[in-house]
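Tertiary structure, described
Okay, here's what each chain looks like letter by letter:
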Amino acid sequence: MSFEYKINRKKTREISVGDVKIGAGNPIVVQTMTNTLTSDAKATLEQIERCVKAGAEVIRVSVPDKESTDAMREISKNSPVPIIADVHFHYKRGIEAAQNGAKCLRINPGTIGSIDRAKEVVKAAKDNGCSIRIGVNAGSLEEKLLEKYQEPCPDALLESAMESVKILEDLDFYQTKISVKASDVMLAIKSYELLSAACDYPLHLGITEAGTRNIGTVRSSIGLGHLLMQGIGDTMRVSLSISPEEEIAVAYDILKSLKLRNRGVNIISCPSCARQQFDVCKTIAKIEAATAHIVKPISISVLGCVVNGIGEAKHTNIGITGAGSGQHLVYINGKPDHKIPAGSDVADHVIKLALEMDNE
Ligand code: SF4
């Protein structure tokens, strides 16, 4: 008998961002956002390449000016994954981005000034096969909603999102996904819960401005993890104050922890203690760095002694224990496979096994 916890994902509508299907039970799509100048197409494409290598499946770029939407032509043409153009207020940038190859527009029809403008944006989206993400953010709520609710709150974020949904539906547009982001974890959770109950559009999850690597990872894990466990969420971004390519690894770690995606190396390691028979922390850091490029799902357990080492090794592709009787036990696919003498370089041995497994 084996323990299995299955998350029942909410069945949302399916939409497309280029050739990437989102919603309706498709795998949760991991995305990030470039931080180069979009007008510098070369630098942006180089960063996109690094992000795709790290696992980004769609990438958002800001288009704050005409130079950026002009650069979109080259970026969209050469990007290996679909590009989402991030538009704030300037509806013409949305039209230009759609015409220049963006596969999704992040724009809030309720905040671009008039229905006529929304009509123009929707026409450009339809003509160019673009979807639209309504991206409500607690930090930039409409004045009228702040007056009505006095502060950003779940009902205000929901109302903002649903107003934009109505504008799009009135224009017969349904290729829509929605986000209601906030840096306050509880505010974001509650807002997404309300939104998920109010519509069946796919939802893009994020704890916005989550902060630095450490606290931002904690906030994102709590917020996104709570929602994902309820089956909410079709695409996600972890927003950290580190390079975009690095935040992708955190997104996958959240999804791997919930068994919602299975990509790359999944490491189980002990915190080490006085029983450790080699330096666990240094070893695992070396293994993590040397296997970060692997895409094939491979689980690795590295424990400092035999106390829990064998139990964990039985459930991983590569498992190694401390050298209890002068030898490290090495398990392959849950079975005892061979031994290496105490004092061996555990990191080098595990890295070699992982690279071989990756090439099988
Ligand atoms: S596995 Fe062994 S070395 Fe690691 S923390 Fe547990 S008892 Fe300590």
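These numbers were taken from a predicted model, which means no experiment stands behind them. (Residues numbered from 1 in each chain as written. Predicted model: local features only at pLDDT ≥ 70, side-chain atom pairs only at ≥ 80, totals over all residues. Heavy atoms only, no water.)

1. Quick look at the nonpolar core
Using the following cut-off: Residues belong to one nonpolar core when they are buried, are Ala, Val, Leu, Ile, Met, Phe, Trp, Tyr or Cys, and are joined through side-chain atoms within 4.5 Å. Whether a residue is buried, partly exposed or exposed follows from its accessible area with a 1.4 Å probe, protein chains only, as a fraction of its type maximum: under 20%, in between, or over 50%, in that order. Helix and strand definitions follow DSSP, with helices as H or I runs of at least four residues and strands as E runs of at least two, each counted in order from the N terminus. Whether two residues are in contact is decided by their heavy atoms, any of which lying within 4.5 Å being enough.
Judged by nonpolar contacts, the single largest core of 79 residues is most densely connected at L105, I178, L228 and M236. Broken down by element, this core gets its largest block of residues, seven residues, from helix α6 (residues 154–170). Every residue in contact with L228, bar those within four places of it in the chain, is listed here: I7, I28, L205, M236, I254, L255, L258 and L260. Ranked by size, the runner-up nonpolar core spans 21 residues in total, among them V280, I298, V346 and A354.

2. Some thoughts on helix α10 (residues 280–291)
Selection rule: A helix's residues, less one, multiplied by 1.5 Å, set its expected span. The arc refers to the directions leading from the helix axis to the C-beta atoms.
Between its first and last C-alpha, α10 extends 16 Å over twelve residues, near the 16 Å set by a 1.5 Å rise per residue. Among all positions of α10, only V280, T283, I284, I287 and T291 are buried. On an axial view of α10, the arc spanned by its buried residues comes to 90°, and they lie on one face. Turned more than 90 degrees from where α10 packs its buried face, K282 and A289 sit exposed. Among the structural elements, β11 (265–269), β12 (298–302) and α12 (346–359) are those in contact with the buried residues of α10.

3. Concerning the UniProt feature "domain: IspG TIM-barrel" (unreviewed entry) in the protein
Filter applied, for reference: UniProt positions are given in the numbering used here, feature names are shortened, and annotations may be inferred rather than shown by experiment.
Taking the numbering used here, the UniProt-annotated feature "domain: IspG TIM-barrel" (unreviewed entry) corresponds to residues 12–252. Split by type, residues 12–252 is 47% helix and 17% strand. Its first and last C-alpha atoms lie 21 Å apart.

4. Some remarks on the packing of α10 against α12
Our working definition: Axis angles are defined between N-to-C directions and span 0 to 180 degrees, where every axis is a line fitted to C-alpha atoms and, for a helix, only to the segment in contact. Angle categories are assigned with fixed cut-offs, so that under 35 degrees is roughly parallel, over 145 is roughly antiparallel, 65 to 115 is roughly perpendicular, and the rest are oblique. Rotating anticlockwise by less than a right angle from the far helix to the near helix defines a left-handed crossing, while the corresponding clockwise rotation defines a right-handed one. Residues are sorted three ways: Asp, Glu, Lys and Arg are charged, Ala, Val, Leu, Ile, Met, Phe, Trp, Tyr, Cys and Pro are nonpolar, and all the rest, Gly among them, are polar.
Relative to each other, α10 and α12 sit at 25°, their axes nearing to 9 Å. Comparing their axes, α12 and α10 come out roughly parallel. Seen along the crossing, α10 lies across α12 with a hand that is right-handed. On α12, the residues that touch T283, K286, I287, A290 and T291 of α10 are V346, A347, D348, V350, I351, A354 and L355. For the contact of α10 with α12, a count of residues per class yields eight nonpolar, two polar and two charged.

5. So, the packing of helix α1 (residues 41–54) against helix α2 (residues 66–78)
In contact at an axis separation of 9 Å, α1 and α2 are set at 30° when each is read in the N-to-C sense. Judged on the interaxial angle alone, α2 and α1 are roughly parallel. The interaxial crossing formed by α1 with α2 has right-handed handedness. On the side of α1, the interface is formed by A41, T44, L45 and I48, while α2 contributes A71, E74, I75 and N78. Tallied by class, residues from the contact of α1 with α2 come to five nonpolar, two polar and one charged.

6. Focus on the pairing of β11
For clarity, the threshold we go by: Criterion used throughout: strands pair if DSSP finds at least two bridges between them. Seen with its strands pointing away from the viewer, a crossover is right-handed if its path from the first strand over the helix to the second goes clockwise.
Relative to β12, β11 runs parallel, the two sharing five bridges. The residue bridging S269 from the neighbouring strand is V302, located in β12. In the classification by handedness, the crossover that spans β11, the intervening α10 and the parallel β12 is left-handed.

7. Some thoughts on the domain arrangement of the protein
Applied cut-off: These domain boundaries are the output of an automatic or database domain assignment.
Structurally, the protein comprises domain 1 (15–257) and domain 2 (265–359). The distance between the C-alpha centroids of domain 1 and domain 2 comes to 39 Å.

8. Structural notes on empty space enclosed by the protein
This is how it is decided: Computed over the protein atoms alone on a 1 Å grid, cavities are sets of points where a 1.4 Å probe fits but cannot get out and pockets are open sets with protein on both sides within 12 Å along at least five of seven lines; a residue lines them when it has an atom within 4 Å of a point. Grid points are joined across faces, edges and corners, and a volume is the space filled by probe spheres set on the points.
Counting across every chain of the model gives three cavities of 30 Å³ or more. Approximately 90 Å³ is the volume attributed to the largest cavity. If you go around the largest cavity, the residues you meet are V87, H88, F89, R106, I107, N108, T111, G135 and S140. Broken down by class, the residue content of the lining of the largest cavity amounts to three nonpolar, five polar and one charged. The space that makes up the second largest cavity amounts to roughly 50 Å³. Counted by class, the lining of the second largest cavity contains four nonpolar, four polar and two charged residues.

9. Things to note about the sheet that holds strand β9 (residues 204–205)
Taken in spatial order, the eight strands of this open sheet run β8-β7-β6-β5-β4-β3-β10-β9, and their pairing is parallel. This sheet does not close on itself; its edge strands, each paired only once, are β8 (176–181) and β9. Where strand β6 (residues 104–106) and strand β7 (residues 131–137) come together, three bridges link them in parallel fashion. Note that in β7 the partner of C104 across the bridge is S131. In this fold α2 packs onto β4 (58–62) and β5 (83–86), with an angle of close to 175° to the strand it touches most, β5.

10. A few points about the pairing of strand β3 (residues 29–33)
Each regular strand displays side chains that alternate between the two surfaces of the sheet. Counting buried positions over the five residues of β3 gives five, a clear majority of the element. Covered by surrounding structure in β3 are V29, Q31 and M33 together with V30 and T32, the residues of both alternating faces. Here β3 pairs with strand β10 (residues 235–236) via two bridges, running parallel. Within the sheet, the bridge partner assigned to V30 lies in β10 and is M236. Summarising the sheet, β3 and β4 pair through three bridges and their orientation is parallel. The residue bridging T32 from the neighbouring strand is I59, located in β4. Regarding the hand of the β-α-β motif, the stretch spanning β3, α1 and β4 is right-handed.

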